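As a plain string of letters, each chain reads:
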Amino acid sequence: MRCTQNRRIVMINQKHSFNRSLYAILALIIFAFSCGQQGGSLVKNLDELNAAVAAAQPGTTITMANGVWENVEIVFIGKGTKESPITLTAETPGEVIISGQSNLQFSGEYLVVSNLVFKNGYTPTSDVINFRTGNNLANNSRLTNCVIDNFSNPERFDSDTWVMVHGKNNVVDHNSFVGKGNQGVTLAIRMDTLASQENGHIIEYNYFGPRQVLGSNGGETVRIGTSHYSRSYSNSIVRSNYFDRANGEHEIISNKSCGNQFIGNVFFECQGTLTMRHGHHTLVENNYFIGNGKQSTGGIRIINEYQTVRKNYLFGLTGHRFRGALVIMNGVPNSPINRYNQVVDSEMNNNLVIDSDYIQFCAGSDKERSAVPVGSAFKNNAILTKTNLDPFTVYDDISGITMEGNLVSDNAKVPIATGFEKVAYDVTKNAEGLWVPNDKLLEKIGFGKVALPVAKNQTGASYYSKDDLVKPFGSGVEIKVASGTNTLLKALNASKPGDVLMLENGGKYLMTKYAMIKHPITIKTNDGAKAMIQSEKQNFFQIENGGALQLQNILIDGAESPDQAGNSVISTSKYSMNKNYALVVENCEVRDLDKNYAFDFLKSYKHTFADSINIINTTMTNITGSIMNLDQEMEDLGIYNVENVNIKGSTFTDVQGAITNVYRGGTDESTFGPIMTISDVVINNSGKGSRNKIGAVLRFHGVQKLDVSNVKINGSAGIDLYQTNGDPISVLKNIELKDSGKIISNSNTYSQENISIIK
Ligand code: CA
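Not measured: the values here are computed from a predicted model. Note that residues are indexed from 1 along each chain, following the sequence as it is written. It should be noted that, the model being predicted, local features are given only for residues of pLDDT at least 70 and side-chain atom pairs only at 80 or more, the latter also being counted only at that level, while totals for whole chains, interfaces and linings use all residues. Side-chain figures throughout are based on the complete set of non-hydrogen atoms in the structure, without hydrogens or water.

Turning next to the confidence of the model for the protein chain. For the protein chain, per-residue confidence averages 93 on the pLDDT scale, and 95% of positions sit at 70 or higher. Confidence scores per residue from the predictor, reported as pLDDT, run from 0 to 100. Contacts between residues were defined by any pair of non-hydrogen atoms, one from each residue, lying within 4.5 Å. The model gives residues 1-38 a pLDDT under 50, and that stretch makes 23 contacts with residues more than four places away or in other chains.

This is how it looks when you write it as structure tokens:
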């Protein structure tokens, strides 16, 4: 009947033009064919879809009409057979867009879901695609050639899962999952009933595209199991997937069940690791971790029993501690199921590690994690490096790890005398662009040939672009903006992502309305006299979700700001942002933020997150508030507001509040940041205002990597360095505190060199 209806529509269309009629005849033939062959139906709305689902028989194909399906919760229940599955698909792959508050759940046997795109919305429930309806599971089913792109809840910490796999023998292949911005796993395999255990799922040829740093636990890209069921078997296979800058948090993959295999995946510039967090009998083989020296890129971490890690390629990984290239952890004696099982009878052999900075044995050793690895091996690995020449760290007794036949480049230190042979650092780039040692060495460690196990273009939905959507600063066009009132606002509102707004040398720009920064934008003056920007509103620039701001060679002046407390030059959105922002202030002058009290330079709000804040060669003078308050996550859940802060070559004078107030509380160990570098900075008469409640001019609370060097602090408050767990690295070097406060720290584990305190 639906076939007839469709035919009528096609016939009407046919009258319009000859071309169209040809098209229509073709469509008719195809349609008649599909109706005749499979009992298929083209459905144009949810009612039709539901009716088609209810009527579906083995072999039925339910085809969703092209177009935008807004606010649809699709329930697909059916019983196909191996030979004749029931399929839910798109009229044209990629042209069925599911948007708004939408999701899809399915259950039954031999179902196929294909060719659908989820974007411009988010799920109203806890999952976007779920292999379950109520208590009924999907088995022997397949999700293929689908896309979930930026389908993120606008509330950053309203957690959901994009693909939740239940049941048994399901396949997830050739899908693109890109840009998850809120908390929650991208793809999870659940095992919470017997019917979902020993499931044998296959996850293959998927493109796990860029995922921003979450700044909290709960940003895993793939998770198999949960701690509660971690001693049960999943027997899943994750193979031939491409993880492209899948950052999130430090577990790109969180393995939490037994019997899983991770084979032939590529991890390209991913900040994080493949972690065997729980579960035994895991195989990790022939995976390529390509860090290219990017920050916080990691490799493989062993916890638990009977784990096999072999023939993996690890290049240019910089992550330290738990995020090293190769890590074997200490465990907790008789560990509770949610803590750290001792490493037993596990091996890490035949791996090739090039220019990767950290290999760690007995990592995490402390009072609780005192059970050292036993019956384990580290054999025939090659570690060739010219980046960190002291790559091994031994935290505890490694006698339970047999070290044998390892090759280490002759410039690098080895952890123990036996089991490591020195070889030349002889590495060249092959035709594929991978760095490789000579064949003899590869043969000696039993690695085989160096070749990417899967190419990026072999993965993901065939019709969907893998181009980056986020435009970097300066990638657009240059737009000249004349001096005057609201000329800058007008130009800003007309701008496109990546554009450069070029102001006049010495020009004066007054804004009488808020400047909303909705995409990456650069505002600059050429070398020479800086253009001056003033605002009559409570903040000059408000970085909205998706926004990023670069200011170059600009003078910011507070003289026209309202006489109200709590002004700021830059503010984040007042609401949760599910897209990270960036801020660059370079060669700028900021002065007289003194209209009323607590006039900040940067004000951040809860559940906002900066990938980076850079203040370079800038002077800031006469400010009644703080330069940056990034301390909005006070619940101590390990959530924080910024990943990277870099302040360089800058001078701050007469700032009543703090220059930096950065806070990451809690004891969570699943993130890398905040990471801060402060160098060649002068601070005068600052941090002493009565409203500066933190009592310091530089506050670093829970910063994971801190480097403060060549800093002169005159007549100011001191430094508050509060180190939380996670082995933070804090280095203070060449610091002069003259007539100022002291360095106050809760711990003496930071490194200090040449600190002078002058009274
Ligand atoms: Ca985690």
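Glancing now at the sheet that holds strand β60 (residues 600-603). Taken together, the nine strands give an open sheet; going across it, the order is β51-β54-β57-β60-β63-β66-β68-β70-β72, and neighbouring strands pair in parallel fashion. If you trace the sheet from one side to the other, it starts and ends with β51 (515-517) and β72 (743-745), each paired once. Each strand of the sheet is rotated relative to its neighbour by a mean of 15°, with strand direction disregarded. Strand pairing requires that DSSP identify at least two bridges connecting the strands. Where helices and strands are cited, they refer to DSSP runs of H or I of at least four residues and of E of at least two residues respectively, numbered from the N terminus. Where strand β57 (residues 568-572) lies against β60, three bridges are found, and the strand directions are parallel. Within β60, the residue paired with S571 across the bridge is K603. Angular values range over 0 to 180 degrees, each being the angle between N-to-C directions of two axes fitted as lines to C-alpha atoms, with helices fitted over their stretch in contact.

For the rest of this paragraph, the subject is the coordination of the calcium ion. Excluding water, the donors of a metal are its N, O and S neighbours within 2.8 Å, or within 3.2 Å for Na, K and Ca, and that exclusion means sites may look incomplete. Protein coordination of the calcium ion is provided by N217 (OD1), E220 (OE), E249 (OE), E249 (OE) and E251 (OE), with donor distances spanning 2.3 to 2.6 Å. Taken in sequence order, the residues that donate to the calcium ion follow the motif N-x2-E-x28-E-x1-E. Residue E220 is located in the loop between β21 (211-213) and β22 (222-224), and its partner E249 is located in the loop between β25 (246-248) and β26 (251-256); the two are separated by 29 residues in the primary sequence. You can call E220 buried: its relative accessible area is 6%. Here E249 falls in the buried class, since its relative accessible area comes to 1%. Throughout this description, buried means an accessible area under 20% of the type-specific maximum (1.4 Å probe, protein chains only), exposed means over 50%, and partly exposed covers the range between.

Looking now at the packing of aromatic side chains. Two aromatic rings from Phe, Tyr or Trp, using only the six-membered ring of Trp, form a pair when their centres are within 6.5 Å; if the ring planes differ by under 30 degrees the pair is stacked, by over 60 it is edge-to-face, and anything between is tilted. Inspection of every chain in the model, using the stated rule, returns 18 aromatic pairs. In this scheme, the term charge over a ring applies when either NZ of a lysine or CZ of an arginine sits within 6 Å of the ring centre and within 35 degrees of the ring normal. The ring of F322 has R321 lying over it, and the distance from NZ or CZ to the ring centre is 3.9 Å.

Moving on, we get to the nonpolar core. Counting residues in hydrophobic clusters, the biggest one holds 76 residues, and the most contacted among them are M64, F76, L104, L116 and F378. An automatic or database domain assignment supplies the start and end points of every domain. Among the domains, domain 2 (40-191 + 200-225 + 237-246 + 454-467) and domain 3 (288-452) are the pair contributing at least three residues each to this core. Excluding residues within four positions of it along the chain, L104 makes contact with I74, F76, L88, V113, L116, F118, V128, I129 and N130. By size, the runner-up hydrophobic cluster in this structure holds 69 residues, among which are L489, V645, F652 and V697. In plain words, nonpolar cores are sets of buried Ala, Val, Leu, Ile, Met, Phe, Trp, Tyr and Cys residues tied together by side-chain atoms within 4.5 Å.

Turning to the side chain of N115, a few remarks are in order. For N115, the position within the fold is in the loop between β8 (111-114) and β9 (117-122). By the criterion applied in these results, polar contacts are pairs of N or O atoms within 3.5 Å in which, for protein atoms, one can donate a hydrogen and the other can accept it, and in which residues neighboring in sequence qualify only through two side-chain atoms. Reaching out from N115, the side chain makes a polar contact with the side chain of S114 at a distance of 3.5 Å. With residues up to four places along the chain from it excluded, the contact list for N115 reads T89, A90, P93, G94, T144, N145, C146 and Y463.

With that out of the way, let us pick up the environment of Y464. Of note, Y464 is situated in the loop between α4 (439-444) and β47 (478-481). For Y464, a relative accessible area of 18% gives the class buried. Taking the C-alpha atoms as reference, Y464 lies 7.2 Å from G94; in sequence the two are 370 residues apart. Those residues in contact with Y464, other than ones at most four positions away along the chain, are V117, K119, V147, D149 and S176. Here the side chain of Y464 touches D149 through a polar contact of 2.6 Å, side chain to side chain.

When a strand is regular, its side chains alternate between the sheet's two faces. Among the six residues in strand β6 (residues 96-101), five count as buried, and that is most of the element. Note that strand β3 (residues 67-70) and β6 share four bridges and pair parallel. Bridged to V68 within β6 is I97. Two elements, β6 and β9, share four bridges in a ladder whose sense is parallel. Of the residues in β9, the one forming a bridge with I98 is F118.

This part is about the pattern of salt bridges. The salt bridge definition used is simple: a Lys or Arg side-chain nitrogen within 4 Å of an Asp or Glu carboxyl oxygen. Per the stated rule, a full pass over the model turns up 24 salt bridges. In this structure, the salt-bridge partner of R339 is E368, at a minimum N-O distance of 2.6 Å. Placement of R339 in the loop between β35 (326-329) and β36 (347-349) and of E368 in the loop between β38 (359-363) and β39 (376-379) is noted, with a sequence separation of 29 residues between them. For E368, a relative accessible area of 31% puts it in the partly exposed group. Residue K606 is joined to E633 by a salt bridge in which the shortest nitrogen-to-oxygen separation is 3.6 Å. In this pair, K606 is assigned in the loop between β60 and β61 (610-616) and E633 in the loop between β63 (628-630) and β64 (642-648), connecting sequence segments 27 residues apart. Residue classification places K606 among the partly exposed residues on the basis of a relative accessible area of 31%.

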